[in-house]
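What the coordinates show
In case you want the letters, here they are:
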Amino acid sequence: MTITYTLDVSTSKVSSFCKLLLRWRGSLWKSVYKELFLWLCGYTALSLVYRLALNPEQRIIFEDISVFAYRYTDFIPLTFILGFFVSLVIDRWWDMFSNIGWIDNAALYVSTYIQGSDDKVRIMRRQIIRFLVLTQAMVFRDISIRVRRRFPTLETVQAAGFMSKVELSILEEVATSKAKYWVPIQWAMLVVHDARRDGLIQSHQAVQDLLQRILEWRSGLSRLSHYDWVPIPLVYTQVVFLTVRCYFLICMMGRQYVNNTDRNLDYSSPIDLYVPVVTMVQFTFYIGWMKVAEALVNPFGEDDDDFEVNWLLDRNLQVGLQIVDNVASEKRPPLEKDFFW
Amino acid sequence: MTITYTLDVSTSKVSSFCKLLLRWRGSLWKSVYKELFLWLCGYTALSLVYRLALNPEQRIIFEDISVFAYRYTDFIPLTFILGFFVSLVIDRWWDMFSNIGWIDNAALYVSTYIQGSDDKVRIMRRQIIRFLVLTQAMVFRDISIRVRRRFPTLETVQAAGFMSKVELSILEEVATSKAKYWVPIQWAMLVVHDARRDGLIQSHQAVQDLLQRILEWRSGLSRLSHYDWVPIPLVYTQVVFLTVRCYFLICMMGRQYVNNTDRNLDYSSPIDLYVPVVTMVQFTFYIGWMKVAEALVNPFGEDDDDFEVNWLLDRNLQVGLQIVDNVASEKRPPLEKDFFW
Amino acid sequence: MTITYTLDVSTSKVSSFCKLLLRWRGSLWKSVYKELFLWLCGYTALSLVYRLALNPEQRIIFEDISVFAYRYTDFIPLTFILGFFVSLVIDRWWDMFSNIGWIDNAALYVSTYIQGSDDKVRIMRRQIIRFLVLTQAMVFRDISIRVRRRFPTLETVQAAGFMSKVELSILEEVATSKAKYWVPIQWAMLVVHDARRDGLIQSHQAVQDLLQRILEWRSGLSRLSHYDWVPIPLVYTQVVFLTVRCYFLICMMGRQYVNNTDRNLDYSSPIDLYVPVVTMVQFTFYIGWMKVAEALVNPFGEDDDDFEVNWLLDRNLQVGLQIVDNVASEKRPPLEKDFFW
Amino acid sequence: MTITYTLDVSTSKVSSFCKLLLRWRGSLWKSVYKELFLWLCGYTALSLVYRLALNPEQRIIFEDISVFAYRYTDFIPLTFILGFFVSLVIDRWWDMFSNIGWIDNAALYVSTYIQGSDDKVRIMRRQIIRFLVLTQAMVFRDISIRVRRRFPTLETVQAAGFMSKVELSILEEVATSKAKYWVPIQWAMLVVHDARRDGLIQSHQAVQDLLQRILEWRSGLSRLSHYDWVPIPLVYTQVVFLTVRCYFLICMMGRQYVNNTDRNLDYSSPIDLYVPVVTMVQFTFYIGWMKVAEALVNPFGEDDDDFEVNWLLDRNLQVGLQIVDNVASEKRPPLEKDFFW
Amino acid sequence: MTITYTLDVSTSKVSSFCKLLLRWRGSLWKSVYKELFLWLCGYTALSLVYRLALNPEQRIIFEDISVFAYRYTDFIPLTFILGFFVSLVIDRWWDMFSNIGWIDNAALYVSTYIQGSDDKVRIMRRQIIRFLVLTQAMVFRDISIRVRRRFPTLETVQAAGFMSKVELSILEEVATSKAKYWVPIQWAMLVVHDARRDGLIQSHQAVQDLLQRILEWRSGLSRLSHYDWVPIPLVYTQVVFLTVRCYFLICMMGRQYVNNTDRNLDYSSPIDLYVPVVTMVQFTFYIGWMKVAEALVNPFGEDDDDFEVNWLLDRNLQVGLQIVDNVASEKRPPLEKDFFW
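Here the focus is the overall build of chain A. Along its length, chain A carries 14 helices and 0 strands. For chain A, the succession of helices and strands along the chain, N to C, is α-α-α-α-α-α-α-α-α-α-α-α-α-α. In terms of its C-alpha atoms, chain A occupies a principal-axis envelope of roughly 95 × 60 × 30 Å. A buried classification covers 69% of the 341 residues belonging to chain A. A fraction of 75% describes how many contacts in chain A between residues 6 or more apart in sequence connect residues 24 or more apart. As displayed, chain A has an accessible area near 11,700 Å², and 58% of this comes from carbon and sulfur atoms. Between the averaged position of the 36 positive side-chain charges in chain A and that of its 36 negative side-chain charges there is a distance of 3 Å.

If you rotate chain A by 72° and push it 0.0 Å along the axis, it lands on chain B with an RMSD of 0.0 Å. Classification of the inter-copy transformation places it as that of a five-fold axis. It is A:Gln205 whose C-alpha, among those of chain A, lies nearest the rotation axis, at 5.8 Å. With a heterologous cut-off of 20% or less, the 4% of interface residues of chain A that recur at the interface of chain B puts this contact in the heterologous class.

The next thing to look at is the relation of the copies chain D and chain A. Comparison of the two chain copies shows a relationship of rotation about an axis with a shift along it. Overlay of chain D on chain A (RMSD 0.0 Å): rotation 72°, translation along the axis 0.0 Å. When the interface residues of chain D are mapped onto chain A, a mere 4% of them are again interface residues, pointing to distinct binding faces.

A few words now on the pattern of salt bridges. Enumeration over the complete set of coordinates arrives at 114 salt bridges over all chains. Residue B:Asp95 is joined to B:Arg223 by a salt bridge in which the shortest nitrogen-to-oxygen separation is 2.8 Å. In this pair, B:Asp95 sits in helix α4 (residues 78-98) while B:Arg223 sits in helix α11 (residues 204-229), placing the two residues 128 residues apart along the sequence. Overall, B:Arg223 belongs to the partly exposed group, its relative accessible area being 29%. One salt bridge in this structure joins C:Lys337 and E:Asp119, with 2.9 Å as the shortest N-O distance. Highlighted residues: C:Lys337 in the segment after α14 (309-326) and E:Asp119 in helix α6 (residues 119-143), drawn from two different chains. Classification of E:Asp119 as partly exposed rests on a relative accessible area of 37%.

A separate point is a nonpolar patch on the surface. All names here are of chain A. A contiguous nonpolar patch, built from Tyr 274, Val 275 and Val 277 and spanning about 290 Å² of accessible area, is present on the exposed surface. Here Tyr 274 is to be found in the loop between α12 (234-254) and α13 (277-296). Residue classification places Tyr 274 among the exposed residues on the basis of a relative accessible area of 55%.

Turning our attention to the packing of helix α11 (residues 204-229) of chain A against α11(B). One can describe the packing of α11(A) onto α11(B) by two numbers: an axis separation of 9 Å at closest approach and a directional angle of 30°. In terms of their interaxial angle, α11(A) and α11(B) are classed as roughly parallel. For the pair α11(A) and α11(B), contact is made by A:Gln205, A:Gln208, A:Asp209 and A:Arg213 and by B:His204, B:Gln205, B:Gln208, B:Gln212 and B:Leu215, respectively. A class-by-class count of the residues in the contact of α11(A) with α11(B) yields 1 nonpolar, 6 polar and 2 charged.

With that settled, the discussion passes to the interface of chain A and chain B. Counting from both sides, the interface comprises 89 residues of chain A and, opposite them, 88 residues of chain B. Both sides together, the interface formed by chain A and chain B hides about 8,400 Å², and carbon and sulfur atoms give 67% of it. Among the residues of chain A in contact with chain B, A:Tyr5, A:Val278 and A:Trp341 are the three that bury the most area, contributing 7% of the side total. The tally of links between chain A and chain B comes to 6 salt bridges. The residue B:Glu173 makes a salt bridge to A:Lys331 at a minimum N-O spacing of 3.1 Å. Counting residues per element, the ones that place at least two in the side of chain A that touches chain B are α1 (14-21), α2 (28-53), α4 (78-98), α5 (104-113), α11, α13 and α14 (309-326) of chain A. Looking at the side of chain A that touches chain B, the element that brings in the most residues is α4(A), giving 11 residues.

A few words on helix α9 (residues 165-173) of chain A. Residues three or four positions apart in an α-helix share a direction because the helix packs 3.6 residues into each turn. Residues and elements named next belong to chain A. When α9 is considered as a whole, its buried residues turn out to be Glu 167, Leu 168, Ile 170 and Leu 171. Here the buried residues of α9 occupy an arc of 165° about the axis, which is enough to place them on one side. Where α9 is buried, its residues meet α6 (119-143), α8 (154-159) and α10 (182-197).

All names here are of chain B. Axis separation between α4 and helix α12 (residues 234-254) bottoms out at 11 Å; the angle between their running directions is 145°. Handedness of the crossing formed by α4 with α12: left-handed. Across the interface between the two elements, Leu 78, Ile 81, Leu 82, Phe 84, Phe 85 and Leu 88 from α4 touch Tyr 236, Thr 237, Val 239, Val 240, Phe 241, Thr 243, Val 244, Tyr 247 and Phe 248 from α12.

This part takes up the packing of aromatic side chains. Going through the model one piece at a time under the given rule, you end up with 170 aromatic pairs over all chains. Between E:Phe300 and E:Phe307, the aromatic rings sit 5.5 Å apart at their centres with planes inclined by 80°, giving edge-to-face as the arrangement. Here E:Phe300 and E:Phe307 have matching classes, each one buried. Put simply, the rings of A:Phe80, A:Phe84, B:Phe80, B:Phe84, C:Phe80, C:Phe84, D:Phe80, D:Phe84, E:Phe80 and E:Phe84 touch in pairs and so form one group of aromatic residues. Geometry around A:Tyr109 places A:Arg213 over its ring, the cationic atom sitting 4.5 Å from the centre. Over the aromatic face of B:Trp94 sits the side chain of C:Arg92, whose NZ or CZ is 4.5 Å from the ring centroid.

Listed by partner, the interface residues are 90 residues for chain D and 88 residues for chain A. Counting the surface lost from both chain D and chain A, the interface buries some 8,500 Å², and carbon and sulfur atoms represent 67% of this. Among the salt bridges present, the one from D:Asp104 reaches A:Arg218, with a minimum N-O distance of 3.7 Å. Run the count over chain D and chain A and you get 25 residue pairs in polar contact (both at pLDDT 80 or more). Classifying every residue of the side of chain D that touches chain A gives 45 nonpolar, 29 polar and 16 charged.

Let us look at the environment of C:Gly288. On the secondary structure map, C:Gly288 appears in helix α13 (residues 277-296). Each residue touching C:Gly288, except ones within four places of it in the same chain, is listed here: C:Leu28, C:Val32, C:Phe283, E:Val235 and E:Val239.

About the criteria used
Residues numbered from 1 in each chain as written. Chains lettered and ligands numbered in written order. Predicted model: local features only at pLDDT ≥ 70, side-chain atom pairs only at ≥ 80, totals over all residues. Heavy atoms only, no water. Helix = DSSP H or I, 4+ residues; strand = E, 2+ residues; numbered from the N terminus. Buried < 20%, exposed > 50% of the residue type's maximum accessible area, 1.4 Å probe, protein only. Contact = heavy atoms within 4.5 Å. Areas by Shrake-Rupley, 256 points an atom, 1.4 Å probe, with all protein chains shown as cover. Lys, Arg positive; Asp, Glu negative; His and termini not counted. Charge placed at Lys NZ, Arg CZ, Asp CG, Glu CD. Least-squares fit on C-alpha atoms with pLDDT ≥ 70 in both. Salt bridge = Lys/Arg side-chain N within 4 Å of Asp/Glu carboxyl O. Patch = residues over 30% accessible without salt bridge, like charges linked within 9 Å, V, L, I, M, F, W, Y side chains within 5 Å. Axes fitted to C-alpha atoms, helices over the stretch in contact; angles between N-to-C directions. Parallel < 35°, antiparallel > 145°, perpendicular 65-115°, else oblique. Nonpolar A, V, L, I, M, F, W, Y, C, P; charged D, E, K, R; others polar. Buried area = accessible area lost by both parts, 1.4 Å probe. Arc of directions from axis to C-beta. Left-handed = near helix turned anticlockwise from the far one by under 90°. Phe/Tyr/Trp six-rings, centres within 6.5 Å; stacked < 30°, edge-to-face > 60°. Lys NZ or Arg CZ within 6 Å of the ring centre and 35° of its normal. Polar contact = N/O pair within 3.5 Å; in protein donor to acceptor, adjacent residues only side chain to side chain.

What follows is the structure, given as structure tokens:
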């Protein structure tokens, strides 16, 4: 589920900052704590070995390795690559969200252009909406693990009311090895065509507008499936996720407090704090930043921050049908002078 | 309220720079002074402890910790993450502003395409405008704390003249657990449809154009509510706001003047200035930069720089009604030869 | 006035680089020399105090402060914030320029769709153009100090021929406390409506296209006034402009040549050059970069690089009227076979 | 073939990270291993020379060169230029993908607007689709080495069924030295024109919409060929690819373990690890990042991550024909009340 | 001429990298070699002075200056400003290229909507194309030095067949001090208007579409002339180009090998290589990067990478006329069943 915290940041005060920190779901703490714990275990193990198990000669080697690791972490510039990568991921994530598909535009146009309250015209209106949402369900099944789990087969989609049995059988008869997203879209367009032929739509312009709305719907969904099909190149994702972790693996050695012997080491800490405080802050910072990318790289997954696609499907079907049905009722504002007349 | 200072920077001179600095509302000073004061208190406390309360052995430990803190702050790269984050926030903020909704386009089209000065057609024109502004009020109630405070219930919206009592009751009858933003939009579209049916609109193209304007209005508002619903991922916001503050917490220790003893510390300042001048500049710089993000991350809140949404609602209703009414009057420029004929 | 230097850079040669450097108007030199001079005065004063006025003990303190300043300037990362800020300012500046409003599109459509050469139709064509340019003049008066100076009152706008006296009085009768930019736009739209009603425009499509052009014109201008009304948040501008100057204030102390005594200072320059050559280069570089932002943050001001809005107003009125009038003349290319037939 | 790994990253867990790493096709490992091996050979050779072949005086020279190389690599800032370059390449790559051309929109419009099931109208529908895909094949032949290999001549394109023999001969008769992409586009447009003339299309609006779809198709393809014709300036590509490799060439010397003699070298590693562990990590990191750019700079090539253009051509022809044929069949959802009635 | 190298990079292999390096036209080598040679001359001169001409005391001063220069170059952060500047330049360059104007869209629409093969209608079709290309020629004359050289006067444009003598005289009679780009555009629009009036165009929608295409053509060209008129602010260009060169001027001194005396200089190279190898790499890197910007800042100039505008003018005229003429011929694909029927 998307994590909304906008209300907490309505003013820029220290108190809103604190409220922001105290959240758990979708928070920094939740995403970082496991890996931080693992890292601390490794760090402690190494530290104990150094302090308790090694003899002086071995300690010298340990210290040399630590100094080596300390100095060479400089060569791995995390900040920069994370900055560029997170920017890229967020751009894609937001574009996906913008194309996720809300039925309102199409439903409002249908309800305005296809008037009438007899059964035939009501069915037509409802069919257009249903076919559009059905396409959405078909696309979502292929890109979202949650929707796939809810609808393992097309039969379950049918059972949920997105299509009738007849429609399902027609859909299955279409013989193609490629995706069939276009079939319900075509049905919707043909309903528009028929409505015009039967005089239920008043003008050619209305057809033009309705097809335009359906096209926009289709284009948004096809954009989603393209994002799913052509992700950020694997090399890039691997480079980023791997480098950040390698960095902290090296830090596990390089940030040890190794000033127990008499040698004067330029690069060691002047004091033995036992707990690597600053490195923990740094870890939280970098791993948290990376987690932003990890969570958003596939926003149709099951992270806290991912889109609630199942909810959206139900919402679209319900609201869409309601919008096109509402117009059949007689409950409309009367023509009367307003307050400011 | 938005802070306009464009006039002050009409030329790039030192004097305009000074004028810019002397502002208070929405300024750097106002956003930073509280946290800077808190930080200085902490810094002074630590400084006094070091100078007055500690014995030499404790001082050495203090100094070691200070040197440790001084050196390790290098590992926290604020600039970069702030740069990327502020860019992201500003992009979103400006896109929100661009979609905030000005009634002019819709009102001008309504006034051009739906001519006539009898009561019925005037009511129709005014209704379209009113329904659009009503949608805006409904959306703003859900995303802005200011508008929510002004209109705690739909009744108060009605009382303010955005809708009539009958309309409110119809609106409330619509049975749905989802947001009802689409209801007044549908009303507006149906008024357009009726006006065409009754011959008040001359052409199908006019209907097409009017629905297009209404659609743009709706899309802008729906974009706003999406921005509210899906903010920047919480992890990202937390990482940024937390890291900046952690950095200065560590600096509180690391930027102490600790050269009072005889030890030769490479990393300490060569001179004791008592006041951490440069760190204060740095604090103002980073915290100020971060405050840009904090204020803009929710521009519908109550910061100095946030959008004046209540003003906008009133403005839209007033100007919108005036535009569509103005066309009924007979006061229009006569057809006469101009100055350059 | 905009500074055009495109011709100088038509090839990438050393000579074109030199020609580029030798310009004065709108150049780096012109924007930097005053502040550089001020800074050099400060630097020289400090340098003279150190060399002539201080006794050895005071010199040591001076040197310590200088070393302190030298080292701590590292904490202020100018490059990064300037890079992001200048990017933002340039994006906004170019978007403003793109929306500044050229009458050609509207005028060409008017001249094509509204044919005829009798007085009435000529007046109509000219009125549409004039009303559009009038709106532009009204918007520019509010956002540009130059246009405001040329047209302190609406009467002066009228006197310049942008509207007739009757039009001015009608405009003034519109009772609103808000901006009246929409009034002439509405006039223009109503002329289109009347032309269609009187059969001067042949089709509904033509009305649609003409209104579209007028809408684009209005949207561009409204975008301009939004940019004026909601500038880059004040905090951001202050942070950037202040930090750059603070940096060089600290450098005034930190870049002194302080190796006159026998102390071995790691951070001082190995040689006394008297003139801070590299810091001057750095000053020119950073302040010049910042000046880009200072000049473009309000491109409707009075800097060398700002838009020539007064010229544009006159140009739009003249060219717009010429385009719509030209069509009335009989001077058009005859239908004859071309060179490549 | 495009590498899809979206499913692996549906949640942000350590296990999904591991699954991500274990891939081979299109992975970091596959792109880096060859060059890493070469680099290690060079490194080992130098190392052996130093350890076995040189006498003490030569060793000192070797060490000096190594220290020199170690220190001067700082002057080559890889991260930054790679960040900007990869951003640019990815933007272009994604824009290419977005314009690659899916026939669905055009086919759906054709099937809706051109109704009827007799042979003539079916041929017309199929011709439009075929001409569009033919254009795509012609463009792809010029920009993709894979398609060129599949279709070395236009005859092979004809043989694959994209056009008939007559069409090929007409195409070849068009006398021009420029690309002939426009010819099949014109054919498609003329079919639309003829269908309207013969009354198979009901309205002018339908013609408008169909031509619009064809235009979008053409614009996308022309954008692709522009990207092919005007790549990122050669200098930029050379600078980036060369610098990264130069950097590691210098590192081959600079990262040697040279502390075998008694000299105290500030810059050498405190311990001799024989294997340059951190540099290998760094190598994987930078070369991997650069490989992202190398693979995407021409996404119509033969890398693992490149677009499957041959598949797309076949898919477009097959699905396009199916869509327009499907409408001729009588298998359409009946008008019946839905589940939620 | 644009440098196309896409084929060379169709796979990401070491061999394609080598092929990339071996190019000369438009390459890094060609852009850098002259300035690198100049710089090496300066460097050698200084080096010889130091090694041969100076006595020991002078050498010490030389060395101090060298160390000073070495250390202070750190203050000039080239990478960052180059990154942002090159991004900006490339964005503008690509947008210019995208708006450069290809006649195909307009020609295809003209050929579809204006049917017929008698002389009058053929002339009309050809006139529209010719007027559009004429506008392009007029704009290009003002922004490209190459086109200006080919067409020093409007008479030469006429002589090349872009317009007839009558048209030229009408064009010259238009009395205005401003650019006359709009005149041929208006002619083209009026031809469309006349064709509709004479019944050669079947529908109002066709007029709408044709005017739209002409408008897009005009907007693209006007965008080009705006880019020419309002370049990147001069200050910015100067800052970037100057700083890069200043940096290497300082390096000329700072990268000398100055360890010939007995003094222990921390900052000098440990070994005397005579040739400043790494600095040469760095020079190639930075100057090459800068050359990207220098070449693209005015892509209508005469660099290797600049657009071939003369070729484009001829191509547009030739292809445009061919497209609209082709439709008059009877050579069109017959309606026959296709391969997959």
